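Coordinates in review
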Amino acid sequence: WSVTGVQTCALPILMISQGVLKIQMYGCRDCVHVLRSVVELLGNRIGLDALETNRVTLAVDELYANIIRHGYKDELGLIEFEAELRGSQDGNQGLWFVFRDFSEPLTDTSFCSKKCDDESQIRVGGLGMHLICSVMDVVEHEPLDDGNRW
């Protein structure tokens, strides 16, 4: 879609099924506000402080941006997002997020395990996955026949 030359996307579809919030959208940068709102709301609901909520929101935002930029090469593409509150073994609640895209399957995820201790190796545009992995307790990637699950 285009409005006076600016790329926009269709409104996201939101569903709730068995306690899981599911959002389907054609990924464009405008839709990131929907994800941010969901993550902030859930973070507040389980008692994360403002700094923790901001960090988790930034990590979700970064993965979404990576899917658009690297998976879909800045073109519109279907992205499914799930958010869930889950109880943990210690009785606390945790947040679980799943992204599903239909871009080319990513087979090399070694970039997530590299250390960023050497300042000479730090560059603009290369730290998104490091940020995600440092904020989240668990980051998993599964290449699928028709895309990726994060």
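Residues numbered from 1 in each chain as written. Predicted model: local features only at pLDDT ≥ 70, side-chain atom pairs only at ≥ 80, totals over all residues. Heavy atoms only, no water.

Another aspect to go through is the nonpolar core. For soluble globular proteins, the rule of thumb is that nonpolar side chains tend to be buried together. Counting residues in each nonpolar core, the largest one holds 28 residues, and the members touching the most others are Y64, F81, F97 and F99. Looking at this core, the elements that each hand over two or more residues are β4 (20–26), α1 (32–45), α2 (50–71), β5 (78–87), β6 (93–101) and α3 (128–135). A per-element tally of this core places α2 first, with 7 residues. The residues touching Y64, leaving out its near neighbours within four places in the chain, are M25, G27, C28, C31, V32, L35, I79 and F99. (Core = buried A, V, L, I, M, F, W, Y, C linked by side-chain atoms within 4.5 Å. Buried < 20%, exposed > 50% of the residue type's maximum accessible area, 1.4 Å probe, protein only. Helix = DSSP H or I, 4+ residues; strand = E, 2+ residues; numbered from the N terminus. Contact = heavy atoms within 4.5 Å.)

This part takes up the packing of α1 against α2. Where α1 contacts α2, the axes come no closer than 9 Å and their chain directions differ by 150°. One element, α1, and the other, α2, form an angle in the roughly antiparallel class. By crossing handedness, the relation of α1 to α2 is classed as right-handed. On α2, the residues touching V32, L35, R36, V39, E40, G43 and N44 of α1 are T53, V56, T57, V60, D61 and Y64. A breakdown of the residues in the contact of α1 with α2 according to their chemical character gives 6 nonpolar, 4 polar and 3 charged. (Axes fitted to C-alpha atoms, helices over the stretch in contact; angles between N-to-C directions. Parallel < 35°, antiparallel > 145°, perpendicular 65-115°, else oblique. Left-handed = near helix turned anticlockwise from the far one by under 90°. Nonpolar A, V, L, I, M, F, W, Y, C, P; charged D, E, K, R; others polar.)

Our focus in this paragraph is the confidence of the model for the protein chain. A residue-level look at the protein chain finds 81% of positions with pLDDT of 70 or above and a mean pLDDT of 83. In this model, residues 1–6 is a region of pLDDT below 50 whose contacts with residues beyond four sequence positions or in other chains number 6 contacts. (pLDDT = per-residue confidence, 0-100.)

The next thing to look at is the packing of α2 against α3. It is at 9 Å that the axes of α2 and α3 come closest, and there the two elements cross at 140°. For the element pair α2 and α3, the recorded crossing hand is left-handed. Counted together, R55, V56, L58, A59, E62, L63 and N66 of α2 and G128, M129, L131, I132 and V135 of α3 form the full contact between these two elements. When grouped by side-chain class, the residues that make up the contact of α2 with α3 number 8 nonpolar, 2 polar and 2 charged.

This part takes up the pattern of salt bridges. Counted according to the given criterion, the structure contains 4 salt bridges. Of the charged contacts in the structure, one is a salt bridge between R100 and D146, with a shortest N-O distance of 2.6 Å. Of this pair, R100 sits in strand β6 while D146 is found in the loop between β7 (142–144) and β8 (147–149), placing the two residues 46 residues apart along the sequence. With a relative accessible area of 11%, R100 lands in the buried category. Given a relative accessible area of 40%, D146 falls into the partly exposed group. Across the pair R149 and E142 runs a salt bridge whose closest N-O atoms are separated by 2.8 Å. Judged by its relative accessible area of 34%, R149 is partly exposed. (Salt bridge = Lys/Arg side-chain N within 4 Å of Asp/Glu carboxyl O.)

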